[in-house]
Structure formats: C-alpha cells, structure tokens
Amino acid sequence: MNLLFPLSPLLAVGFGALLLMLAEAFGKPQVDKELHGTEHIVDAGAGRSGELGLGAAVILFAGAVLSVAVWMVGPQNLPELKLLEPWLVMDRVALFMSFVLCLGGAFAALLAGGYLPEHNIDRGEFFPLVILATFGAQVLAASGDLLSLFIGLETMSLGVYALIGLRRGSPRAAEASLKYFLLGSFAAALMLFGAALLYGATGHTDLKGIGEAVASIGQPGSTVNAALVVLGLVLNLAGLAFKVSAVPFHMWTPDAYEGAPTPATTFMAVAVKTAAFAVMMRVLLTSFGDERLMSWGTGWPPVLAFLAILTMTVANLIAGRQESVKRMLAYSSIAHAGYVLVGLVATMRAPAEGQASVMFYLLTYTVSTAGAFGALILCGSRGAEAVSYEDLAGLGKRHPAAALAFTVFLLSLAGMPPTAGFFGKLYIFRAAMGSELYLLAVLGLLNSLLGAYYYLRVIVFMYFREPAPGAPLAVPMRSGMVTGALVIAGFLVLALGIAPGTPLAMALGAVSP
Amino acid sequence: MNSLSSSLVQAWPYAAAFAVGALIPRRESKFERFALGIVGLLAAAFISSMWPEKAVENAAAPPMEWDQLLNLIVFLPIVGAVAILFMPRQSPQLLRRVTMVILGLDFIASLWLLKVPMTDGWHFQYVREWLPGFGIRYHVAVDGISVWLVILSTFTTPLAAYASFGSLKKRTKDLCFSLLLLHGAMLGAFVSLDLFLFYVFWELMLVPMLILIGIWGGVEKIKASYKFFLYTMAGSLLMLAAILYMVWTHEQVAGYVTFDYLALSRLVLPQTAAYLCFAAFALAFLIKVPMFPLHTWLPDAHVQAPTGGSVILAAVLLKLGTYAYIRFCMGMFAGPAYAAAANLAGVAIGGGILYAALVAWKQTDIKKLIAYSSVAHLGFVMLGLFTGTEAGIAGGVLQMVNHGISTGALFILVGVIYDRRHTRLVSEFGGLAKVMPIYTACFVLITMSSIGVPGTNGFVGEFMVIMGSFTSSVLGSHGKLQGGLAAFGVILAAVYMLSMVQKTFFGPLSNPKNKHLKDLNVRETVVLAPLIAMVFVLGLFPNLFLDRMKSSVSGVTARFMDSTREFRNAMDTNPDRAVLLPRLSGALSSGYPEDPKKQTEAPESATAALDKESAQ
C-alpha cells in the first residue's frame, strides 16, 4: 500500500513545515545591530524573513501543484485513499480546496516575506506557523469525521491565534489575539458539544454514518432522537458560522483582522474562511443532506438564507462607514461570506451547481482578497503604513503601479467584469436562480451595489483626491516578494475573469462524477 | 494609364480636403499640418462613403464581408488602451499621437461597414465559443441600426479626444487610457449579440467614464462620479438578475444553456416573470438614457465632466440606453414592452420632453442647460421607440445620431468658452457676437440644428417621431394627443435654446472681462467642422441614413408586433408556463446553428421516438 503519492498534498505541506522549523531554529539570525541593540532578545530566525518566506511559499506552492497532480490522476484511481476514510476523505472537492488553501497560504507567506522585515517584526516563527495552519486547514477541508474535523480545526486555529499576536509589543495585536482566541475557543466548544450530541443521538462520529442515521429518522425501528440531531446541527452550524464570520457571529472579525499583521489577516480572510466553508459544505451535505433537512420548510436552507441576507447586508452597510481601509476589507470579507452562503443555500435544489459555485467562488475570492491585502501592504512602508483612506490619497499619481494593482483587485472584489470576482458572483447567483431562490439572488446582486460603493471609495481616493497638505502619506515599499505575489494574483484575477473555463469545469467535475 | 488617371480623378476630393487641412494658416510643426490634412481627408472620405456606390451593385457577387472587421474595430482601441499603460508617462505628445492614430484607424475601419448594403439580417457576423460549458459565446454582428451607432461612436470619439487634448494638459496617460478603453467598450456593447458579452462591455464602460469625470471634473466631481457609477450599476445588476433568470428558464424549456440573444428572444416567460424581467432590463436602459425620473445623475455628470467626457457621454454613452431598449427590451420582451409603451410614452413626453425643457429654460449654467436639453431630446428618441411604428423607430434612431452630433457639438462649444473664461454662467456673458464672430456663427448654427429647424438634421428626426406617434397603434387613442404635446416640446426647445443664445451672444458687451476673448483657434475649428458638415449632410440627405436602416427597422417593427401577438397567445393559453416560440423568420435568423446540441440530440430523440413506438 503506497499512500505517499495520494497523500502528497498533505505530506508535502506537513513535512515542509517541520523542515522549515528546523531551518528556522538552527539558522543564524541576522539582526540589524543599530535597530535592535544588545538588550533585545534575538529570536530564532530573526532577520531571515526573506529566505524563510520564499521557502514557505515554495512549500505551499508545491502543495498546490501536488493537489493538482493528484486531481489529474484522480482519487477514484487511487484505492489506497479508502484506507483513510472516514477520517480523511481525499475526494475531488477536498483536492480543489487543498489547492485553494495552499494558494492562499502561499500568498500570505510571500506577503509576510516582504511585510515583516519592513515593519520590524522580523521573526521567523511566522512561516512554520503559516504552513502548519494551512496543513490544519487542509485536514479540516478533507475531514470526514467529527474528530478529525476538530483536530483540523484546532491545528488551524492555534496557529492563527499565534500569528495574530506576532507583534508582541502592540496592545492592539494582543487584544485581537485574545479576542479571537476566546471567541474561537467558545465556538470550538459549541462545535464539540454539538458533536457530542450528534454522537449521542446517532452513535456515529463519522459524517456518513451520521447522515445514514439521520436519514433513518421516522422509519420504523429507528431509535435516533430527532431533537438531539437538530440541536447538534444548530450547534455545529453556529460554531462554523463563527469561523466563516457570518453575521451575527462576526463580532471578533474586524478587531482581529485589524490588529493582526496584514499577512496574518490575509491568511485569516483567505484560508481560514475557505477551509471553514469547505467543511461546512461537507457536513451539511453529507450528514444533513437528508431531503427533509434540505427542504425549505423543515431544514437548514432557510436558516442559512437568513444568515446570508443578514451577513451581506449588515457587513456591506457597516463597511461603507469605515475609515480604515484594512477594517473595510475585514467587513468586505464578512460580506463575501454572505455571498458564499447564498451558494450553499443553492445546494438545496441544485446540489452539483451549488457546490461548484461555492468552490469556484472561494478560488476567485482567495486570489482577489489576497491581492487586495497585498496591494495594501505594498502601499505602505515602515512608519508610514497605509491605514486610512486619506493615506491613499493621490497614490495613483505617486505610485501608479501599486494603485493600478489595488484597483484591479478591488474591481474583482466588487464583481466587475472582466475579473475573477465577476465570474464567481455570476456562478453563485446562477446557482441560486437554478434553485429558484429568486429573491435571494436579487438581494445578493443589490448587495454588490452596496459593496461597489466602498470599493469605489478607495479608487476615488487613490485617483481623484489630492493629499491634504501636511498630511501623513503612505509611502509604497519596495519588495520583490510582495510584488511577485501581486503579479501572480493579478494574473490569476484576469485569467479567471477572461478564460475561466478550465477551473469552472474542474469545480463542476469535482461534484458531478 | 487610363485607370491611373481615372483613379487620380476619383481621388481629387480627398486630395483637396487634405490640402485644405494641411494649408490652414498659423501652424507651427509639419507634423501638425500633416495630421490636420489627414483629418480633412477622413472627413471627405466619410461623407463620400455615405453615398451608395452604384458600380459595385451586382446581385451575383455581393460585396465581401470580412468577418474579423468587428473584432478589429472593437479590440483595436482596447488593445491600444493596454499598450498605453506601458508607454512612458513623461512624453504626453507620444501618448496623444498614438491615441489619435488608433482612433483614426478605427474610424477608417468602421467606414468599411458602409460598403455593404445593409439588408435585413446580420452583417459582419462573427461567432466563436467562449465558455461552452456556460453557453457563453463571443458573438458580434451589426444590422442597419447598430451600424449607425458604431459609426457615430467612431466619428465622435476622435473629435472628443482631439478636443480634450487641447484643454486637458495633465495626466495625459490616464486620459488616453480611459478614452481608448471607453471607446472599445462602447463599440463592443453596440455589436454584441450575446447577453453575457453585452453585459461585460456594458460594465466595462463604467470605469473609464468614472475616471474621466473623477480626474478632470469640476468642483463636485467626486459626488458626480459616485452618482454616475452607482446609478448605472444599480440598473445593470437587476438586469444581470433578469439575464440569469432568462438563461435558466431557457435551459428548462429548451434543454441547453445559452446566453445568446437570438436564442433567448424566442423565449416567452411566464406572465409575472416576463413583466419583472422587462422591468429590470428597462430600468437598466432607462437609467442610462436617462429618462425622467431616473435622469438626476445626468446633469451632475455633464456639468462636472470635462468637455471630452461630456461629448462622449452625450453623443454615444446615452445612446447605449436607447439602442439597448430597441435591441433587448423590444426584441426579447415584445409583449410587456407593448403593454407598457403607452404609459412610458406619457412619461417620456411629460417628464422628458416637456418637464426637462422647462427645467432647461430656468438654468443659469449653459452646460447644465444643454444637459437638460439632452434629457428632452432623448425623450423624443424614446417616444419614437415607444410608438412601435416604422416611422417612429426610424425617426428615433435617426434622432440618436442627430443628438450625438448636435449635442456633442454644443458641448464642444461650451468647452471653448469655458477654457477662456472658466465659467459657464449665462449672466457672465452677453454680446459675445462682437468679439467672437466665428464662434457665434457656429453656436447659432448648432442651436438651429438642436431645435430642429428644417434643413438641419434635427428636423427630420423629430418630424418622423411626431408623425410616428400620430399613426401609432401602440399608443392607442392618446397617440394624437401625445404627438401634439411632443410637437409643443419642439417649441419649448426653441424657447430655452434661443433665450440662452440671445442672452449670451447678443445685446451689449457688458462684462469687461469678455472684451478680449479670442475667437476659435485651429484645433477647435477642426473639431467643429466635421460636425457642422454632418448637420447639413443629415439635414439635406436624410435618405443616406434612412435607406441603410430601413430594412432593419421594418424587420424590428414587424418582429415586435409578431412577438407581441405570440406573447398574447401564450398568455391566453397558459400564463404560468414558459414556452419557446418557433424560429421567427426575418432578421432573427442569423445563419449559424442556433441549437448547439441539436445535432447531438437528434439521434437521441430518434431513439426515444423508436422506444415509444416499440412500447406502443
């Protein structure tokens, strides 16, 4: 039995993290004496962000490439994978998600390689943590059992708690990290409690078993307690809604996103959300895919639809009032969670299309959000970080390339053709139409209008306004790695917008055999 | 030798036009003389190419249609815009020249469209699969209606660009980029016959126009740019929802996914959905037109936009709304469009032609006055379309071209005075005729054309629209009243335009700041000359335009009436079911396989039929 190749997306990332940790621990720190002085504690791996970031990015890109390679061979041709079920289900959905997660992690690593030295938080732990958190996210996305789900969730979350608090001296970072930690643990506890109830009701921890037990409710001889199942479902949904930061479980998001170093924010916005949505989709469709629970009258779709409308509308309305661009992007990522929820609701009547639209949306969202945060990073430098809209005033004149990149990603987030975001939205709302959720689709589309307002505001500041005299200006940084990440993301945004045929077919092929 | 001499003889008007351009006095560089000569030559070529050629008319060999022509026309500016991004910001002269050359080439290429007799149906059609899994195709073609809008666009954009280069000196790179991108997107929207492709171009227009207003606009530019962007996007998002619904319903009924206009126009939706989808499409287009009460973004956008932006906005961008109404609302939702036409025509007259004219009368800012006059003129266009008669629709299309020419010219003229005085308030002027005689002459002439004095272009279009509304069956018993009110609107147009002209140009030269204003310079003359020439060409020879659009217009009208009948039949039998109409004859047949799956499905259905038989 050779599991080496079928599991290579996970193995490459996991072992890569260990190797990088060794390299970081035993590598020689490179410290700028003038800045640090001798009284500072020198961290392992300090001053090596460039090398470590590149290494981490290579490892994660390798994970992405291997995901594609396993996809090409096809999980159905790899019988060894059955050995791991039900704990790990490496099907095509999981491979697609693994690709997206590795991509998101790689962007975060590349951005950190430029950001950390620039802002004097040049500490090597970041990179092994990013990779390990990505590993956790991959496990989470592929988990087919409530236990492996919890392990994946915690592996991912613990890494992220540490990433947020990386800037030890900053009280905001500490606040953000603590807030996320407390609320995240609370959510995890809810999930665990829900899992316990489900186990109690059905006698199963694997999702498929739970699904079969749930399907047997109401048949003669069934001993499954329906009330406990529903309670377990609700608790699980609540826990996952925390992770995807759906309104009203979003309270931690803006603070955590704003307090964290921007590459960590990128990782949270991109990978954590993607993994949480992947597992949400799997849990809902595998365990609660019973036709009674999938119907509009008695199941979860109306709950999710309500969450989706609430999430989109509230987040978009609040995002328009923000003065900090980073906080605006945080709320925008909440709003995008609302759009993905629309796609999840659409699985109700069009399972294949709904799932494919969610997967494709997560891909387009990953590249556009990573690009937007990357552009925000590129626009600032030490002591002159781009935070508020005013910092960006006149950037189109001072640094046209950075402004152009930012514009492309914002247009993609706003869903303007011909960018990736447009296709993502189109597919989501098409799936919603196919599920006869007309009102939901129209509300979602009108929400894009609210969204367009605040994305447009950044463009207006960059191109149409002159900085006020004497105001502090954001000075764009120079970093090959950030630029490289932006070039890759920009290419993907345009390619997915103009010729999305292959990834669309892949997403659809993953769910319809 | 003989052929050489005959070709020399044929070339003389062009040579003369070139010489006129090149020999304009007081020019510094040779390059500029050469460029002006080219402008003259192009104008001559344009006017001469509009006359139908007699020698070529040979039924056995129809003129060749190069199917890549539309791709060239649409993508030349877009590729040019991308190329501009990689050119040095420090040499604005190079950027301007490249832009002008690209726009000029695009114009020449678009003249080829006139070489083909515009018979009913699609011309220069080009179809390629884009995303087959999604039913999305790259499908472009022109007919007798869109060809004029394409040419209007390629004709006015270079003039607008040339005028802008005179007054906007900073951030030339951004200017060139947005002009080219806007141009390409507008052309793309005029020629695309796939709803997805149309939507992409429709949205692609927003960003460059936003840049034009936002960077070079006036004091309130940011408010105006938000208003423009969000207003337009609100409409188009609802349209997207309607498109997705139609595509999905079509998939249910016909069994295959497609975004193709020709396929979707066969679809009859259930009653409620049909009205809602019509409302969504109409809202998107009427915002763009704009029609009362959705017009409030337009005065802001016009007043704040720089001259070039205003010209493009008025001359071409607004026409997308009216064009799309003919093409998509009347083409795909004939039934609801028929039912709504009488009421909408009332709104177009009351809110557009009459109310906007009264508002225009009270304006103190000349540019705002012209902006409101645009609303009134487009009310005429929309009235023509609502009548559903051949005369009305043809008049509406002609009026689109007229409005593009005369309002475009008016905005250029306002830009001239704004460049000199940095104000546009009527009260600041008076007696300008004494210091700027040529300018005054041009202004008065264009004013006449805008009012619709016989002999100028405005007359023909308005006359046809009013005639159409008198004879219209769609407007019902109120058609005559509406025609009468619309005719009254023409009088109001004379009132507000002439009172503004009187206050600005005649009377005593009271304001001392106006004593030393310079008359039109060469650049401004060159921009205005082709527009003034077109005023007379259109006014005296309207048949050049009407002949080419005739068969398409009658096709559109006939199909509108036919589909209305079909829609009513379908509603009478079962209002809650979507049905697919049989392939309608005429211009809808596009000459390529409509049903991509038909060939593959045919054997299946044959076997299914066999199964049925054996079961029996």
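Nothing here was measured: the structure is a model prediction, and the numbers come from that model.

A. Region of the structure containing the overall build of chain A. Looking only at helices and strands, chain A has 20 helices and zero strands in total. Across its three principal axes, chain A shows a C-alpha extent of roughly 75 × 50 × 40 Å. Each of the 513 residues in chain A was classed as buried or not, and the buried ones make up 63%. Put simply, of all contacts in chain A between residues at least 6 apart along the chain, 79% involve residues at least 24 apart.

B. Local environment of helix α1 (residues 8-26) of chain A. Residues and elements named next belong to chain A. Here α1 contains 19 residues, and its C-alpha end-to-end distance of 26 Å stays within 8% of the 27 Å for a straight helix at 1.5 Å per residue. Residues Pro9, Leu10, Ala12, Val13, Gly14, Gly16, Ala17, Leu20, Met21 and Glu24 constitute the buried set of α1. Buried residues in α1 make contact with α3 (49-73), α4 (92-118) and α5 (126-142).

C. Highlighting the packing of helix α7 (residues 171-202) of chain A against helix α9 (residues 226-244) of chain A. All names here are of chain A. The contact between α7 and α9 brings their axes to 8 Å, and the two run at 155 degrees. Considered as vectors, α7 and α9 are oriented roughly antiparallel to each other. For the pair α7 and α9, the sense of crossing is left-handed. Taken together, the residues of α9 that come into contact with α7 (itself represented by Leu183, Ala187, Ala188, Leu190, Met191, Phe193, Gly194, Leu197, Leu198, Gly200, Ala201 and Thr202) are Leu228, Val229, Leu231, Gly232, Leu235, Asn236, Ala238, Gly239, Phe242 and Lys243. Looking at side-chain class alone, the contact of α7 with α9 contains 15 nonpolar, six polar and one charged residues.

D. Broad picture of unusual backbone geometry. Residues Val247(A) and Pro248(A) are joined by a peptide bond in cis, for which omega reads 5 degrees. Positive phi is not limited to glycine here, since Phe124(B) has a value of about 55 degrees. Position of Phe124(B) among the secondary structure elements: in strand β1 (residues 123-131). Phe124(B) gets classed as buried once you count the C-beta atoms within 10 Å, which come to 22. Look at Arg171(B): it is not a glycine, yet its phi comes out positive at around 55 degrees. For Arg171(B), the location among the structural elements is in the loop between α5 (146-167) and α6 (172-191). Classification of Arg171(B) as partly exposed rests on a count of 19 C-beta atoms within 10 Å.

E. Looking closely at α3(A). Here α3(A) is 25 residues long and its end C-alpha atoms lie 36 Å apart, about the 36 Å a rise of 1.5 Å per residue gives. Just past α3(A), the residue Gly74(A) takes up positive phi, approximately 95 degrees.

F. Up close: the interface of chain B and chain A. In this assembly, 24 residues from chain B lie in contact with 25 residues from chain A. Top element by residues in the side of chain B that touches chain A is helix α9 (residues 221-254) of chain B. It accounts for 14 residues. Residue classes in the side of chain B that touches chain A are distributed as 19 nonpolar, three polar and two charged.

Reading the values: rules and limits
Residues numbered from 1 in each chain as written. Chains lettered and ligands numbered in written order. Predicted model: local features only at pLDDT ≥ 70, side-chain atom pairs only at ≥ 80, totals over all residues. Helix = DSSP H or I, 4+ residues; strand = E, 2+ residues; numbered from the N terminus. Buried ≥ 20, exposed ≤ 12 C-beta atoms within 10 Å, placed from the backbone. Contact = placed C-beta atoms within 7 Å. Expected span 1.5 Å × (residues − 1). Axes fitted to C-alpha atoms, helices over the stretch in contact; angles between N-to-C directions. Parallel < 35°, antiparallel > 145°, perpendicular 65-115°, else oblique. Left-handed = near helix turned anticlockwise from the far one by under 90°. Nonpolar A, V, L, I, M, F, W, Y, C, P; charged D, E, K, R; others polar.

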